[in-house]
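# Coordinate analysis (summary)
One letter stands for each residue in the lines below.
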Amino acid sequence: SLRARRRERRKLLPVRPRSDLVATASTSVWHALGDSLAFVHVLCSRFSIGQGRQSALVAARLALFVSICAPSIRAQTDGRFVWLLYVDESLLPADRTALEEAVRGIAGAHIVALPK
């Protein structure tokens, strides 16, 4: 029956990842939690993709980011997360610096430049 096949398939799935498949601690999505492993949350944010030259729009988004987004993530009590902030070449260097300043001190935050 379909139900029996699903049960058999679930038995084949590993409960936790093999240690040889887990990336290094700095890039791993798994963290040791006692004798078990816990999953790490991955947050993905796009910041002004294709709109970096619209200075008024970027300034408004930076203000919201600095006052709401960054403090919210900084206040998380569980540090098992990675925050990927995607930007592209349209974002001006001064605005990227402001974004970097906003996430400074958030251990899991990484600004990722999208390829052209």
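Structural data are supplied above this passage.
A quick note: this is a predicted structure, and the numbers were derived from the prediction, not measured.

### Focus: the pattern of salt bridges
Scanning the entire structure with this criterion turns up three salt bridges. A salt bridge links Asp78 to Arg80; the nearest nitrogen and oxygen atoms lie 2.4 Å apart. Given the relative accessible area of 34%, Asp78 is considered partly exposed. Assessed through its relative accessible area of 22%, Arg80 is described here as partly exposed.

### Some thoughts on the packing of aromatic side chains
As enumerated under the stated definition, the model contains two aromatic pairs in all. Taking 5.8 Å as the distance between ring centres and 75° as the angle between the ring planes, the aromatic pair formed by Phe47 and Phe65 counts as edge-to-face. A residue pair is termed long-range when its members are at least 10 positions apart, and Phe47 in the loop between β3 (41–46) and α2 (55–74) and Phe65 in helix α2 qualify at 18 residues. Aromatic pair Phe65 and Trp83: ring centres 5.5 Å apart, planes at 25°, arrangement stacked.

### Thoughts on helix α3 (residues 93–103)
Restricting attention to buried positions, one finds in α3 the residues Asp95, Leu99, Ala102 and Val103. Along the long axis of α3, the arc covered by the buried residues comes to 90°, so they all point the same way. Set apart from the buried face of α3 by more than 90 degrees, the exposed residues are Pro93 and Ala94. Elements that come into contact with the buried residues of α3 comprise α2, β4 (81–87) and β5 (109–113). Just beyond α3, the residue with positive phi is Gly105, at close to 95°.

Calculation notes
Residues numbered from 1 in each chain as written. Predicted model: local features only at pLDDT ≥ 70, side-chain atom pairs only at ≥ 80, totals over all residues. Heavy atoms only, no water. Salt bridge = Lys/Arg side-chain N within 4 Å of Asp/Glu carboxyl O. Buried < 20%, exposed > 50% of the residue type's maximum accessible area, 1.4 Å probe, protein only. Phe/Tyr/Trp six-rings, centres within 6.5 Å; stacked < 30°, edge-to-face > 60°. Helix = DSSP H or I, 4+ residues; strand = E, 2+ residues; numbered from the N terminus. Arc of directions from axis to C-beta. Contact = heavy atoms within 4.5 Å.

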